[in-house]
Amino acid sequence: APQAMGINSIEDFLKASQIDKAAVAAEAASKKPKEEQKPPAESEEKNPFTVLVCGGGNAAQVATGMFSARYNTIAVSLYADEAAKWKAALGEDDFELTLDTGKVIKSKPDDITNDPSCAAKADAIILAVPSFAHGQYFEAFAPYMKPGCLVACMPARSGGDILFASKLGEKAKDMIFMGFETLPWACRFTEWGRKAVCLGTKGSILAAVTPPAKFPQAFALMQGMLGVFPAVTESPNNLGISLRNPGAQIHPGVMYGRWCPEKWDGNPVDEKPLFYQGVEEFSESVLMGLTKEVQAIARKMEELVPGLDLKDACTLHQWYLDCYAGQMPDDKTLKGCMNTNPGYRGLTHPCIEADGKYMPDLKYRYLMEDVPTGMCFNKGLGEILGVPMPMTDKVLAWAQECIGMSIMVDGKMCGPDIGKTRAPQAMGINSIEDFLKASQIDKAAVAAEAASKKPKEEQKPPAESEEKNPFTVLVCGGGNAAQVATGMFSARYNTIAVSLYADEAAKWKAALGEDDFELTLDTGKVIKSKPDDITNDPSCAAKADAIILAVPSFAHGQYFEAFAPYMKPGCLVACMPARSGGDILFASKLGEKAKDMIFMGFETLPWACRFTEWGRKAVCLGTKGSI
């Protein structure tokens, strides 16, 4: 009862519940009507979920190892005989993935194949292949994909959404496309097809969804698969992701700045020139010209579509300030950012050795990939909009000769190789109306959305660097749900099981001993993991980024009170279920500290579950579709 916590007036109740009357009224006034959502069903079902991971390189193998632990996962490679080689290399063994948290996941994909018809099973398709191969996969999967399938490209590069629309045709409107700015991890395989390591994970990652209204659904799926990190940050639209693509400007621009006829005589050089650290005034002027022209495209689009938010399509200089803030001793200019970025130290131009000297590799991916899938999108859209792009024209004319393609003829995107690029013209788009239709940008909807939006707190774009992101979760209790949660979270995160009930923690610790806890999911997957500790010491709350209470509701107050002296600001406390008044009980037990915490009350438990051998094995019989 509120009275039990000293609450005897409506003013005290609103304060304890953190219900701000003015803020609630302002929120209600700014809200646009949403599609009516049914409350979650109470029943737990077996919810099969199938994910396809495309590719066979570092990122594809890491994603396969990560997702296979929990979901039906099929690795697909359409490149030569890569799938057969991977299948043979793994054999009957598990794939071993070492995370940057130190945890090791052992899992097995349900198949490794080159058969695109497996897309018929897919709820999500993750493309971790070079951007020039995206079209091949879209085209191969198109006949088989089911409505509502999520297709996520890591990274999408430029024009990924319109390429997807062109390859799927009418089917595209029934799908969800999610374009990521970059990869989530710095990673590599240590034994091809068998073992990989995640060296670091981005703290957050920028992504956009087409159609934008499907972002909540796409976010829930991808954040669930990726885990706590990276936090998926919403970009308003895929056009912003496309125009933000730094590789479309930096790689061709720096290559031109060093190897164009104005700067290079065509003879071998004595040593490989520095790439980023070697940027001088001429190369900087090239890059400044390119970025200025992309900005002109963004401003023209915002003029044609009032309310269109292209805030993420920033200048190259701003991109460096966003992604590498505090890391560059000289960040006053674009040249300074590139010259003094410690992550670029020692990186050289791609070269081919010849008799002890070096010639530039002008067919390296900096031109071979970033021109067709990046720069050509910018130029093609600029042409449709009537935006002059003299620097892009100059670099593109030179680059297309280097890579042996004819894309631009007499300044127009109409060459015989246009179909091999991401230019809108390659997909039959030659007017702004066609471009807006392919991008699913509805002028009326954009204007209405902009008018109804309330100002949001400015969010910094994600940093570009990958870090080791430790995350500690406390799971409270010793019953069915607590043991399932402990087994599930221990596989990836620093996890401490806490029980304040009698000697339950000591008994659980003794029962498990040195063995792994075994959790069988309702998908049929088996997770073997070990909590970092099982204890009755509440001071471990000092380490917690999240605290999950899976104990009877009458015990919540005991845990809140015991943890209160130790909890750090920003800690998330989630009660499964919260029952009635969980938030005001939390506020009363933590006092002033409560305002620095996050309380999350769930209506119910996520799973129907039970332990099969107390303290050692548990089974998840079914999972709620939503909660």
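The structure under discussion appears in the preceding block.
In this report, the structure presented in the accompanying data block is examined. (Residues numbered from 1 in each chain as written. Predicted model: local features only at pLDDT ≥ 70, side-chain atom pairs only at ≥ 80, totals over all residues. Heavy atoms only, no water.)

Before going further, it helps to spend a moment on the overall build of the protein. Counting its regular elements, the protein contains 21 helices and 24 strands. In terms of overall dimensions, the protein is globule-like: its C-alpha atoms have a radius of gyration of 27 Å, near the 25 Å expected for 627 residues. In terms of overall dimensions, the protein has a C-alpha envelope of 80 × 60 × 50 Å along the principal axes. Looking at the protein as a whole, 52% of its 627 residues qualify as buried. Here the contacts in the protein between residues at least 6 apart in sequence split such that 74% fall between residues at least 24 apart. Counting only carbon and sulfur atoms, one obtains 53% of the accessible surface of the protein, whose full area is about 28,000 Å². If you average the places of the 66 positive and of the 78 negative side-chain charges in the protein, the two averages end up 2 Å apart. (Helix = DSSP H or I, 4+ residues; strand = E, 2+ residues; numbered from the N terminus. Rg over C-alpha atoms; globule rule 2.2 N^0.38 Å. Buried < 20%, exposed > 50% of the residue type's maximum accessible area, 1.4 Å probe, protein only. Contact = heavy atoms within 4.5 Å. Areas by Shrake-Rupley, 256 points an atom, 1.4 Å probe, with all protein chains shown as cover. Lys, Arg positive; Asp, Glu negative; His and termini not counted. Charge placed at Lys NZ, Arg CZ, Asp CG, Glu CD.)

With that settled, the discussion passes to the pattern of salt bridges. Evaluation of the coordinates by the stated rule reveals 25 salt bridges. Glu 191 is the partner of Arg 194 in a salt bridge, and the nearest nitrogen-oxygen pair spans 3.2 Å. A residue is classified by how much of its surface remains accessible, and Glu 191, at 35% relative accessible area, is partly exposed. Through salt bridges with shared partners, one network takes in Asp 93, Glu 191 and Arg 194. (Salt bridge = Lys/Arg side-chain N within 4 Å of Asp/Glu carboxyl O.)

With that settled, the discussion passes to the sheet that holds strand E19 (residues 533–535). One open sheet holds the six strands; their spatial order is E19-E16-E15-E20-E21-E22, and the pairing between them is parallel. Looking at strand neighbours, the two that pair on one side only are E19 and strand E22 (598–601), the edges of this open sheet. If you compare each strand with its neighbour and ignore which way they point, the axes differ by 20° on average. Of the strand pairs in this sheet, strand E21 (residues 572–575) and E22 are connected by four bridges, and their pairing is parallel. Bridged to Cys 575 within E22 is Gly 601. In the packing of helix H19 (residues 504–512) onto the sheet, the strands contacted are strand E16 (494–498) and E19, and the crossing angle to E19 comes to about 150°. (Pairing = 2+ DSSP bridges. Axes fitted to C-alpha atoms, helices over the stretch in contact; angles between N-to-C directions.)

All right, on to the packing of helix H9 (residues 247–259) against helix H14 (residues 370–385) then. Helix-helix packing: each pair is described by the crossing angle between the helix axes and the interaxial distance. One can describe the packing of H9 onto H14 by two numbers: an axis separation of 8 Å at closest approach and a directional angle of 115°. One way to sum up the angle between H9 and H14 is to call them roughly perpendicular. In this structure, the crossing between H9 and H14 has a hand that is left-handed. Here H9 contributes Gly 247, Ala 248, Gln 249, His 251 and Pro 252 to the contact with H14, which in turn contributes Asp 370, Val 371, Gly 374, Met 375 and Asn 378. Split by residue class, the contact of H9 with H14 holds four nonpolar, five polar and one charged. (Parallel < 35°, antiparallel > 145°, perpendicular 65-115°, else oblique. Left-handed = near helix turned anticlockwise from the far one by under 90°. Nonpolar A, V, L, I, M, F, W, Y, C, P; charged D, E, K, R; others polar.)

The subject of this paragraph is the nonpolar core. Ile 125, Met 145, Leu 239 and Met 301 are the most contacted members of the largest nonpolar core, which totals 53 residues. By residue number, the principal contributor to this core is helix H6 (residues 160–168), which donates five residues. Formed by 46 residues, the second largest nonpolar core is a distinct cluster that contains Val 279, Leu 334, Tyr 358 and Trp 398. (Core = buried A, V, L, I, M, F, W, Y, C linked by side-chain atoms within 4.5 Å.)

The next thing to look at is the pairing of strand E6 (residues 124–127). Alternating positions in E6 separate into two faces, Ala 124 and Ile 126 on one and Ile 125 and Leu 127 on the other, with burial throughout. One ladder, built from four bridges, connects E6 with strand E7 (residues 150–153); its direction is parallel. Its bridge partner being in E7, Ala 124 is matched across the sheet by Leu 150. For the crossover that starts at E6, traverses helix H5 (residues 134–141) and ends in the parallel E7, the hand is right-handed. (Right-handed = clockwise from strand over helix to strand, strands pointing away.)

With that out of the way, let us pick up unusual backbone geometry. Excluding glycine, a negative phi dihedral is what most residues carry, and trans is how most peptide bonds are arranged. The omega torsion of the bond from Met 154 to Pro 155 falls at -10°, within 30 degrees of zero and hence cis. The residue Pro 155 is located in the loop between E7 and H6 in this model. In this chain, Phe 229 is followed by Pro 230 through a cis amide linkage whose omega measures -5°. Looking at the element boundaries, Pro 230 is found in the loop between helix H7 (215–226) and strand E12 (231–234). Not every positive phi belongs to a glycine, and Ala 502 is a case in point at roughly 45°. Relative to the elements of secondary structure, Ala 502 occurs in the loop between E16 and H19. On the accessibility criterion, Ala 502 (56% relative accessible area) is exposed.

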